[in-house]
Amino acid sequence: MNIPAIVMFLMFVAVTLVITRWAASRVRSASDFYAAGGGITGTQNGLAIAGDYMSAASFLGISGLVFASGFDGILYSVGFLVGWPIVLFLIAERLRNLGRYTFADVVAYRLEAGPIRTLSAVGTLTVVAFYLIAQMVGAGKLIELLFGLPYLYAVMAVGALMVTYVATGGMVATTWVQIIKACLLLGGATFMAFMVLANFGFSLNAMFRAATDIHPDGLAILSPGKLVSDPISAISLGLALMFGTAGLPHILMRFFTVKDAKAARKSVFYATGLIGYFYILTFIIGFGAITLLMSDPSYFRASPDGSFDPLAAMIGGTNMAAVHLSQAIGGSLFLGFISAVAFATILAVVAGLTLAGASAVSHDLYASIFAKGRSTEATEVRISRISAIVIGIVAIFLGYVFENQNVAFMVGLAFAIAASCNFPVLLMSIFWRGTTTRGAVVGGSLGLVSAVTMVLLSPAVWVNTFGFPKALFPYDSPALFSMTIAFLGIYIGSKLDRSARAEKERAAFEDQFIRSETGIGIGAASSH
Amino acid sequence: MPSDTVAMIEKVKRDPEFLPVVKKRARLAWTLSALTLAIYFGFILLVAFAPDLLGRPIGDGTMTVGIVAGVGTIMLAVALTGLYVRRANNEFDAKIDAIVARAAS
């Protein structure tokens, strides 16, 4: 039982609930609910994007991976970061200029709303579901360990808080939760890395020397290890990480909260800088954990003769490396702070996911397809709030069901689907005149189905999770193949489409192009 | 679509300065995208094919080429976004704003 952790966490919850209350009083229109009325500045949005993106998985997972295998941890974070320049160069400003609340607005700009919004909503909900399950299970385990709360209660607490933020405060509350969390996480990680470096007189070489002296793998932790065995897997994983970012619905949605393309670009620059800085901190934290924890038996489960395996026997698993390091550096008070930050980190990410899922249901499925644009704003927002509650209940249920399953592959799957369904459809509809509704639906569905199928048949799931003797698909990451299938599907499906509708869609490209480049007629999110 | 938006789009279409600016910006965006891809996949392919090179220590220290390459890739990615935002938000936006202002008049 860690009293400082509980006190600090309750303070975070209290502050965010006060903000949610304030946000709820400001949410009057659909634009307020989905896009914070377009009133978020570029700097604020940059922080919020960073808060949305830096999950507990990247904080604890990458520092834990660095702790266990050194260099290999760096590989992941580089992949997670290099998606951001692509988002900036190709997507962000055009998304802002063409859309209002969801990325489907952009794709449906000249393509037919019914099939396109159905496809986008399915893509969004699938990505949100896998991402959310991974976060819920991780959150439950983490809270169980840090606060001693039973798993089910922990998952219920996370679900209840995220639904409260989203359903009452919409995008305004979600944004501020993400901003506060980003500041806390960056502050905490900076302090930790600073203390680690101070230990070595701010000499990186001294830190690396100490780490290689004590780590069982020695000098090998500073060069590539077993994570990348064959080039196909490496490229496929790289593609998923790089282009998945540009297809994550909760990230794309953040660009509608700023007023124009200029602010959207600025927010990507700030976000990229902050996320890059954060990943560099996690390397230092990981190597610091090697030097400060591996000689101290109190962080490990020792065998009867007092010896311990520093790689396999860490209390709570190597994902706890950063948390244990906070204790080693700043005692139980700082441990409490970092534990509370880890919890806050999860809350901000799941809130963003819930809002993206709820918007897909209310804005894409309900308002555009079911009510065919005849619903009122008030009804649409009400449907969105109800969807957020339903998503919360489903997330708690799935978190409970998957408690003892290996969910590590689910974040990778979410990125693979985002890269193979949402991203190709969005990119082709923005850049290629020839894209038609039929082509987009054919390619997007094939990308989605092939990504999910290949992951199910992969070694990680078919063998390690289902227990079959031999994988039917040889690679863990499908993106190289499923992205190719998606782009080819869109291209061929569009080329073969000779319908009158397709002609109209191709003809509408020029107007779309001018609006996407100039921002003329921008879906003004601000209504007051 | 409101009629004034339609009229503005028609004017932009006929503006002789529109296509050159947009093409120049697009060329920068695609060049930087290709550069990002090349840097990242260059790094990944080195990991896959030349792990020994990345494991080589720098000078007399313990730090290896691989650590510097990984952190360098991150810093380059940030620098490229900074470069694009600087040019797009100043040089290109000034021209686009002028075109839109002409179309609105």
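What you see is a predicted model; the values in this text were computed from it and never measured. (Residues numbered from 1 in each chain as written. Chains lettered and ligands numbered in written order. Predicted model: local features only at pLDDT ≥ 70, side-chain atom pairs only at ≥ 80, totals over all residues.)

Asker: How should I be thinking about the overall build of chain A in this particular structure?
Answerer: Counting its secondary structure elements, chain A contains 20 helices and zero strands. Over its C-alpha trace chain A gives a radius of gyration of 23 Å, about what one expects of a compact globule, namely 24 Å for 528 residues. Seen through its C-alpha atoms, chain A measures out along the principal axes to roughly 80 × 50 × 40 Å. Looking at chain A residue by residue over its 528 residues, the buried ones come to 64%. Counting only contacts in chain A whose residues sit at least 6 apart along the sequence, the fraction spanning at least 24 positions is 83%. (Helix = DSSP H or I, 4+ residues; strand = E, 2+ residues; numbered from the N terminus. Rg over C-alpha atoms; globule rule 2.2 N^0.38 Å. Buried ≥ 20, exposed ≤ 12 C-beta atoms within 10 Å, placed from the backbone. Contact = placed C-beta atoms within 7 Å.)

Asker: In this structure, what is going on with the confidence of the model for chain B? I would like to understand it.
Answerer: Predicted coordinates in regions of low pLDDT should not be interpreted in detail. Counting all residues, the mean pLDDT for chain B is 92, and 99% of those residues have values of 70 or more. Reported confidence for the predicted complex is 0.95 by ipTM and 0.93 by pTM. (pLDDT = per-residue confidence, 0-100.)

Asker: Teacher, can you tell me more about the environment of A:R438 here?
Answerer: Residue and element names in this part refer to chain A. Here R438 shows up in helix α16 (residues 437–456). The exposure class of R438 is buried, given the 21 C-beta atoms found within 10 Å. For the pair formed by R438 and L197, sequence separation is 241 residues and the distance between their alpha carbons is 56 Å.

Asker: Help me understand the interface of chain B and chain A in this model?
Answerer: A common way to express how large an interface is: the accessible area buried when the components associate. Taken residue by residue, the interface counts 46 residues in chain B and 44 residues in chain A. Elements that contribute at least two residues to the side of chain B that touches chain A include exactly α1 (3–14), α2 (18–49), α3 (51–54) and α4 (65–104) of chain B. By residue number, the principal contributor to the side of chain B that touches chain A is α4(B), which donates 20 residues. Its residues assigned to classes, the side of chain B that touches chain A comprises 31 nonpolar, 13 polar and two charged. (Nonpolar A, V, L, I, M, F, W, Y, C, P; charged D, E, K, R; others polar.)

Asker: Help me understand α1(B) in this model?
Answerer: Side chains of residues three or four places apart in an α-helix project in the same direction, reflecting 3.6 residues per turn. All names here are of chain B. A rise of 1.5 Å per residue sets the reference length of α1, with its 12 residues, at 16 Å; its end C-alpha atoms lie 17 Å apart and thus fit the reference within 8%. Turning to α1, its buried residues are M8, I9 and V12. Buried residues of α1, viewed axially, fall in a sector of 100°; they line one side. Turned more than 90 degrees away from the buried face of α1 sit S3, A7 and R14, all of them exposed. (Expected span 1.5 Å × (residues − 1). Arc of directions from axis to C-beta.)

Asker: Where do I start with the packing of α16(A) against helix α18 (residues 479–495) of chain A in this structure?
Answerer: Helix packing for two helices is described by the angle between their axes and how far apart those axes are. Residue and element names in this part refer to chain A. Packing of α16 against α18 brings their axes to within 7 Å, and their N-to-C directions diverge by 160°. Overall, the two elements α16 and α18 adopt an arrangement that is roughly antiparallel. For α16 against α18, the interelement crossing comes out right-handed. Side by side, α16 and α18 meet where R438, G439, A440, V442, G443, G444, L446, G447, S450, A451 and M454 of the first sit next to F481, S482, M483, I485, A486, F487, G489, I490, Y491, G493 and S494 of the second. Classifying every residue of the contact of α16 with α18 gives 12 nonpolar, nine polar and one charged. (Axes fitted to C-alpha atoms, helices over the stretch in contact; angles between N-to-C directions. Parallel < 35°, antiparallel > 145°, perpendicular 65-115°, else oblique. Left-handed = near helix turned anticlockwise from the far one by under 90°.)

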